[in-house]
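Commentary on secondary and tertiary structure
Chain residues, written in single-letter form:
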Amino acid sequence: MATGKEIRGKIKNFESTKKITKAMEMISVSKMRKAQERMRAARPYAEKVRDIAANLGQANPEYVHPFMKTNEAKVAGFIVVTTDKGLCGGLNTNILRAVTNKLRDLQGQGQSAEVVAIGSKGLGFLGRIGAKVVSHVTQLGDKPHLDKLIGPVKVLLDAYVRGEVNAVYVCYTKFINTMRQEPVVQQLLPLSQAQLEAEARESGAHSWDYIYEPDAQSVIDELLVRYVEALVFQAVAENMASEQAARMVAMKAATDNAGNVISELKLVYNKTRQAAITKELSEIVSGAAAISG
C-alpha cells in the first residue's frame, strides 16, 4: 500500500497537470474564436469566386478549361490537411482514417496516389505508411497564409493539367460546431459544369454575360485557378477552427479527469492517514495497558 508521502506526491503532480490543461483549454477558447472569425471571413470570397466561375462556365461553353477535363491516368492526387500539434482528441486520427480508406479503395481499382501534406501530423503518418509525398508544408501557425499554400498545391494542379493525375481530392476536417467536427474527403478536380451550376443554384446566383479583358480564355484560366486556391484555403481555415475546438474539448476533459483523480487520491490519502493514526493510538493504548498491568 502506498504511503502518505507517495500519495501527496501524486496529488501534487496531478494538480500541476490540471493547471496546465486548464491553461491550454483557455488558450484554445481564445484561438478558436479567432479561427472561426477567419473561417467565416473567407467564406464570402470563396462563394463569390464560385458564383463567377459557374457563370463564366455557362457563358463560354466553347472553351473547356483543363481543370474541367477528365484524364485517363492511373494516379490520384490528395491534399491532406492535418494539424502541426497534437492534444486535439481524435481529430487527426479521423481524417487520416478516411484518407487511408480512400487510398485502399483506389489501390483496389489499380490506381496509385500522390499526396500533398499540409501539417506535421499528416506528413509523419503518410511517411510511415509509405505514401508518395510530392510536396508538403508545415508550421503554418494559427493563421493560414495563401502564399505558403500555393506552392505545394500547385505541384498537383500542374500534374493534373499535364494529364499525369486523373483526380485531385482535398481531405480536411470540416467545422460544424464546437462539439462536432466531421472528416471530409472532397473531390477538387475535375470540376464538372454540372457541379458549378448546382453550386450556383444553391447560392441563388443569376447567370450574367461578361465583357472579357483581355480575352475569355485568359480570364477563365486565371479565375478557375483562384477558385481552386480558395477551396484549399477554406479547407485549411476550417481545419484550424476544428483543431482549436477539438483541443478545447480534449483539454476540458483532461482537466475534469485530473480533478476526479485528485479527489480519489485525497480520499485514499485520508484513509491511509486515518489508518496510521488508528494504528498509533492502538499501539499507545496497548503499551499503556502493558505498563499498568
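Structure: see above.
Residues numbered from 1 in each chain as written. Predicted model: local features only at pLDDT ≥ 70, side-chain atom pairs only at ≥ 80, totals over all residues. Heavy atoms only, no water.

A closer look at the pairing of strand β1 (residues 75–81)
- For β1, a buried count of seven out of seven residues is recorded, marking the element as mostly surrounded by other parts of the structure.
- What you see with β1 is no split at all: Val 75, Gly 77, Ile 79 and Val 81 on one side and Ala 76, Phe 78 and Val 80 on the other are buried throughout.
- Crossover β1 to strand β2 (residues 112–118) through helix α2 (residues 91–108) is right-handed. (Buried < 20%, exposed > 50% of the residue type's maximum accessible area, 1.4 Å probe, protein only. Helix = DSSP H or I, 4+ residues; strand = E, 2+ residues; numbered from the N terminus. Right-handed = clockwise from strand over helix to strand, strands pointing away.)

What about the packing of α2 against helix α3 (residues 120–128)?
- α3 packs onto α2 with a crossing angle of 40° between their chain directions and a minimal axis gap of 11 Å. Judged by the angle between their axes, α2 and α3 are oblique. As for the relative orientation of α2 and α3, their crossing is right-handed in sense. The residues of α3 that touch α2, namely those facing Asn 92, Leu 96 and Thr 100, are Lys 121, Gly 122 and Phe 125.
- Of the residues belonging to the contact of α2 with α3, the class tally is two nonpolar, three polar and one charged. (Axes fitted to C-alpha atoms, helices over the stretch in contact; angles between N-to-C directions. Parallel < 35°, antiparallel > 145°, perpendicular 65-115°, else oblique. Left-handed = near helix turned anticlockwise from the far one by under 90°. Contact = heavy atoms within 4.5 Å. Nonpolar A, V, L, I, M, F, W, Y, C, P; charged D, E, K, R; others polar.)

Brief notes about the side chain of Thr 272
- Positionally, Thr 272 belongs in helix α6 (residues 216–292).
- Judged by its relative accessible area of 14%, Thr 272 is buried.

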